[in-house]
There are 2 protein chains.
Amino acid sequence: MVEEVTAALVIIGNEVLSGRTQDANLQYIALGLNEAGVRLKEVRVVADDEAAIIKTVNELRAANTYVFTTGGIGPTHDDITAECIAKAFGVALKRDPRAVECLLRQIKPENLNEARLRMANIPDGGELIDNPVSHAPGFRVDNVFVMAGVPKIMQAMFDGIRGSLKGGAKMVSKSVTIHAGEGVIADGLRQLQERRPDVEIGSYPFNREGRYGTVIVTRGTDPAVVERVSHEVALMAQGLGAGIEEESQPPR
Amino acid sequence: MVEEVTAALVIIGNEVLSGRTQDANLQYIALGLNEAGVRLKEVRVVADDEAAIIKTVNELRAANTYVFTTGGIGPTHDDITAECIAKAFGVALKRDPRAVECLLRQIKPENLNEARLRMANIPDGGELIDNPVSHAPGFRVDNVFVMAGVPKIMQAMFDGIRGSLKGGAKMVSKSVTIHAGEGVIADGLRQLQERRPDVEIGSYPFNREGRYGTVIVTRGTDPAVVERVSHEVALMAQGLGAGIEEESQPPR
């Protein structure tokens, strides 16, 4: 079996935990990692709290191939991610001349005050992550990628680094929509999953305009196997008298 | 100082980690906990994986007043939350006659097959959480509340239990919109935060139709203090020549 390439995401920000802001980064990163053959194993949302960030990053970077963080790299007092990453790795936080140059692409020299210069403080040894939107860079230390929280900026940063990720086998999926409740097909699904441990069969009930049904998603790394098992799901449901719709687009 | 009442949320589901589904439960629970005077400290999204769920629930229930979980309590093979909670607490999973009665409100006796009856398997000693939408109950074991993942059902369950939570001092907040970049006000904000450690001052940049600005959110448990500090934020920004809009509605 091929070794799994895994990732964890740390969403840093009181505003997500207070409900003020709805996170918009998880799904973008999840889909991008799928494309890169990297498996997102866990996401944690933590407060702007030094101890919490350091502990979380250290746990997750030991357990995963890659860790991504979003949020907390701006110029204000509540932006503490860079300090925390430096402490997590036990390295100094240094004013990085390359990062200062990035800032000067956006900010006039006379406006580059001490607060804004904080955005050029990078953990020693960190590589910069390009920010084509507003130029204040993210950075990478070892297997940890530190990105902005503003979705447009985060997306631009992530798009810039995804090509450098060394992924494993890419997951593909195929869906079947079944016009029957989960309870009707559960037994057949379980048997199928037991016979085919090389795929993941997920069952998601829905209620569309008063009509109940279930979407069955088959995921795995071998497109032919995913295709075959998904078709078996469809046949099983039809055998129970349920109407089905197999996904017509190619699996991804 | 009053002891803080805290909570953690565990979102269980491969479909969130794969990017198939955008979570819609975090924000609802976060806002509800605010209202109840409970502080959401951490959220974790984990896969439908027994070891991951047990470890996560055990870590978080030891560290928080309350833990909430969403997802994984349906009738199919990928619904493993009840088994995992039983194992996390080291208790048996038992067919609960009260839960069977709940199911019979929705399902005809002749359709109550073994798969559906799995939804009546509750960790020993668990109290049921009412599900007015589709009747299959959630449950509570000690300080852990196990709820459905489907947002409409989760919301109904959460609304039913929130009155029973023993909260601490309620957090209130007030916002000021400042028509200046974060870098302009960062120094003044930092000084204000240092002088007022009894509130949290959060800074959130925005770009609305090409116009950049910053929303400053002041949060704390004393409404008069929150009001005063938020007004000081406004005065500070005005002193720097920035246009401001103070929130007109009462703080919440």
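How each quantity is defined
- Residues numbered from 1 in each chain as written.
- Chains lettered and ligands numbered in written order.
- Predicted model: local features only at pLDDT ≥ 70, side-chain atom pairs only at ≥ 80, totals over all residues.
- Heavy atoms only, no water.
- Helix = DSSP H or I, 4+ residues; strand = E, 2+ residues; numbered from the N terminus.
- Buried < 20%, exposed > 50% of the residue type's maximum accessible area, 1.4 Å probe, protein only.
- Contact = heavy atoms within 4.5 Å.
- Areas by Shrake-Rupley, 256 points an atom, 1.4 Å probe, with all protein chains shown as cover.
- Least-squares fit on C-alpha atoms with pLDDT ≥ 70 in both.
- Buried area = accessible area lost by both parts, 1.4 Å probe.
- Salt bridge = Lys/Arg side-chain N within 4 Å of Asp/Glu carboxyl O.
- Polar contact = N/O pair within 3.5 Å; in protein donor to acceptor, adjacent residues only side chain to side chain.
- Pairing = 2+ DSSP bridges.
- Axes fitted to C-alpha atoms, helices over the stretch in contact; angles between N-to-C directions.
- Parallel < 35°, antiparallel > 145°, perpendicular 65-115°, else oblique.
- Left-handed = near helix turned anticlockwise from the far one by under 90°.
- Nonpolar A, V, L, I, M, F, W, Y, C, P; charged D, E, K, R; others polar.
- Core = buried A, V, L, I, M, F, W, Y, C linked by side-chain atoms within 4.5 Å.
- Domains from an automatic or database assignment.

Quick word on the overall build of chain A
Within chain A one finds 9 helices and 12 strands. Each of the three principal axes of chain A carries a C-alpha extent, and together these read 75 × 40 × 30 Å. Going through the 252 residues of chain A one by one, you find that 56% of them count as buried. Counting contacts in chain A only where the partners sit at least 6 residues apart, residues at least 24 apart contribute 70% of the total. Carbon together with sulfur atoms contributes 51% to the accessible area of chain A, which is approximately 11000 Å² in total.

Things to note about the relation of the copies chain A and chain B
Once chain A is rotated about the relating axis by 180° and shifted along it by 0.0 Å, it coincides with chain B to within an RMSD of 0.0 Å. The transformation just described matches what one would write down for a two-fold rotation axis. For chain A, the smallest separation between a C-alpha atom and the rotation axis is recorded for R44 of chain A, amounting to 2.2 Å. Here 98% of the contact residues of chain A are again contact residues in chain B; the copies associate through an equivalent surface.

Quick look at the interface of chain A and chain B
Counting residues at the interface gives 54 residues for chain A, matched by 53 residues for chain B. Counting the surface lost from both chain A and chain B, the interface buries some 4300 Å², and carbon and sulfur atoms represent 50% of this. Joining chain A to chain B, the criterion identifies 0 salt bridges. Counting across the chain A and chain B interface gives 20 residue pairs in polar contact (both at pLDDT 80 or more). Secondary-structure elements contributing two or more residues to the side of chain A that touches chain B are α1 (14–17), α2 (26–36), β2 (39–46), α6 (114–117), α8 (182–195), β10 (200–208) and β11 (211–220) of chain A. Of the residues forming the side of chain A that touches chain B, the biggest block, 8 residues, is contributed by α8 of chain A. One ladder, built from 5 bridges, connects β2 of chain A with strand β2 (residues 39–46) of chain B; its direction is antiparallel. Note on β2 of chain B: the bridge partner recorded for V45 of chain A is V43 of chain B.

A closer look at the packing of helix α2 (residues 26–36) of chain B against helix α7 (residues 151–161) of chain B
Residues and elements named next belong to chain B. It is the contact of α2 with α7, at a shortest axis distance of 11 Å, that shows an interaxial angle of 15°. With respect to their mutual orientation, α2 and α7 come out roughly parallel. Both α2 and α7 take part in a crossing whose hand is right-handed. Counting all contacts with α2, which are made through Y28, I29, G32 and L33, the residues of α7 involved are M154, Q155, F158 and D159. Of the residues belonging to the contact of α2 with α7, the class tally is 5 nonpolar, 2 polar and 1 charged.

Considerations on the nonpolar core
If you look at the biggest cluster of nonpolar residues, it comprises 115 residues, and the most contacted ones within it are F68 of chain A together with F68 of chain B. Not counting chain neighbours up to four residues away, the residues in contact with F68 of chain A comprise A7, A8, L9, V10, L33, F145, M147, F158, I161 and L165 of chain A.

Some details on the packing of α8 of chain A against helix α9 (residues 223–239) of chain A
All names here are of chain A. For the pair α8 and α9, interaxial distance at closest approach is 10 Å and the crossing angle is 150°. Viewed along their axes, α8 and α9 adopt a mutual orientation that is roughly antiparallel. The chirality of how α8 crosses α9 is right-handed. Of the residues in α9, those touching α8 at I185, G188, L189, L192 and R195 are V229, E232, V233, M236 and A237. Along the lines of polarity and charge, the residues of the contact of α8 with α9 split into 7 nonpolar, 1 polar and 2 charged.

Side note on the environment of G202 of chain A
On the secondary structure map, G202 of chain A appears in strand β10. Spatially, the C-alpha atom of G202 of chain A lies 6.4 Å from that of T218 of chain A, the residues being 16 residues apart in sequence. Beyond its immediate stretch of four places on either side in the chain, G202 of chain A contacts V215, I216 and V217 of chain A together with D78 of chain B.

Side note on the domain arrangement of chain A
Interfaces are frequently sized by the accessible area removed from exposure as the parts join. Taken domain by domain, chain A consists of domain 1 (6–164) and domain 2 (172–246). The straight-line distance from the C-alpha centre of domain 1 of chain A to that of domain 2 of chain A is 38 Å.

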